[in-house]
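These are the residues of each chain, in order.
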Amino acid sequence: GTMKVSVSNIEFVPKEHWNFPPFFTIQPVSATKEKQLKLWRELIIDYCIHQNTFSIVPANFKFFKNSSINRNLTQEGIDIIITSLIQSGNAEWED
């Protein structure tokens, strides 16, 4: 038979770059910024896969802040990441 496996009881842990302070500041150099945005897209997609969800509320997405290194994205940074996610074809607004 078929068995459904749930990972929701296992905590999602972002990759190591999430603990790197510059990750939370959108980089000014275009090539670096593109790599950074790709890593942010991957983090969001990995989180959604892990949580078996297809929706996030950007204003409430807990990984836009890392209290252990006292860093968080600005609203502008969040907007840039969300725009990148949409432009890459990985997301769209539901409402």
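Rules and cut-offs
- Residues numbered from 1 in each chain as written.
- Predicted model: local features only at pLDDT ≥ 70, side-chain atom pairs only at ≥ 80, totals over all residues.
- Heavy atoms only, no water.
- Helix = DSSP H or I, 4+ residues; strand = E, 2+ residues; numbered from the N terminus.
- Buried < 20%, exposed > 50% of the residue type's maximum accessible area, 1.4 Å probe, protein only.
- Contact = heavy atoms within 4.5 Å.
- Lys, Arg positive; Asp, Glu negative; His and termini not counted.
- Charge placed at Lys NZ, Arg CZ, Asp CG, Glu CD.
- 1 Å grid on protein atoms, 1.4 Å probe; cavity = no way out; pocket = protein on both sides within 12 Å on 5 of 7 lines; lining within 4 Å.
- Points joined across faces, edges and corners; volume = space filled by probe spheres on them.
- Nonpolar A, V, L, I, M, F, W, Y, C, P; charged D, E, K, R; others polar.
- Salt bridge = Lys/Arg side-chain N within 4 Å of Asp/Glu carboxyl O.

J.: Sorry if this is basic, but what is going on with the overall build of the chain here?
T.: Check the secondary structure of the chain and you find two helices and two strands. Written out in order from the N terminus, the α and β elements of the chain read α-β-β-α. Dimensions of the chain, computed from the C-alpha atoms along their principal axes, are close to 50 × 30 × 25 Å. Taken over 95 residues, the chain has a buried fraction of 29%. Long-range pairs, those at least 24 residues apart, make up 57% of the contacts in the chain with a sequence separation of at least 6. Within the chain, one finds 9 positive and 10 negative side-chain charges whose respective centroids are separated by 6 Å.

J.: Please clarify how empty space enclosed by the protein should be interpreted in this entry.
T.: Enumeration over the complete set of coordinates arrives at one cavity of 30 Å³ or more. In this structure, the largest cavity spans a volume of roughly 50 Å³. Considering the residues around the largest cavity, the lining is formed by Phe12, Pro14, Lys15, His17, Leu39, Glu42, Leu43 and Asp46. When grouped by side-chain class, the residues that make up the lining of the largest cavity number four nonpolar, one polar and three charged.

J.: Explain the pattern of salt bridges to me, please; I cannot follow it from the model alone.
T.: Two side chains bearing opposite charge may form a pair once their charged atoms approach each other closely. Going through the model one piece at a time under the given rule, you end up with two salt bridges. Its salt-bridge partner being Asp46, residue Lys15 comes within 3.6 Å of it at the nearest N-O pair. Of the two residues, Lys15 is situated in the segment before helix 1 (30-51) and Asp46 in helix 1; the sequence distance between them amounts to 31 residues. Its relative accessible area of 44% is what places Lys15 among the partly exposed residues. Judged by its relative accessible area of 29%, Asp46 is partly exposed.

J.: Can you help me understand unusual backbone geometry in this one?
T.: With glycine set apart, most residues show a phi of negative sign, and most peptide bonds adopt trans. The backbone of Asn52 shows a phi angle near 55°, a positive value even though the residue is not glycine. Relative to the elements of secondary structure, Asn52 occurs in the loop between helix 1 and strand 1 (65-66). The exposure class assigned to Asn52 is exposed, which follows from its relative accessible area of 55%. Positive phi, normally seen in glycine, also occurs at Asn70, with a value near 55°. Mapped onto the elements of the fold, Asn70 is located in the loop between strand 1 and strand 2 (71-72). Of the residues examined, Asn70 reaches a relative accessible area of 65% and is grouped as exposed.

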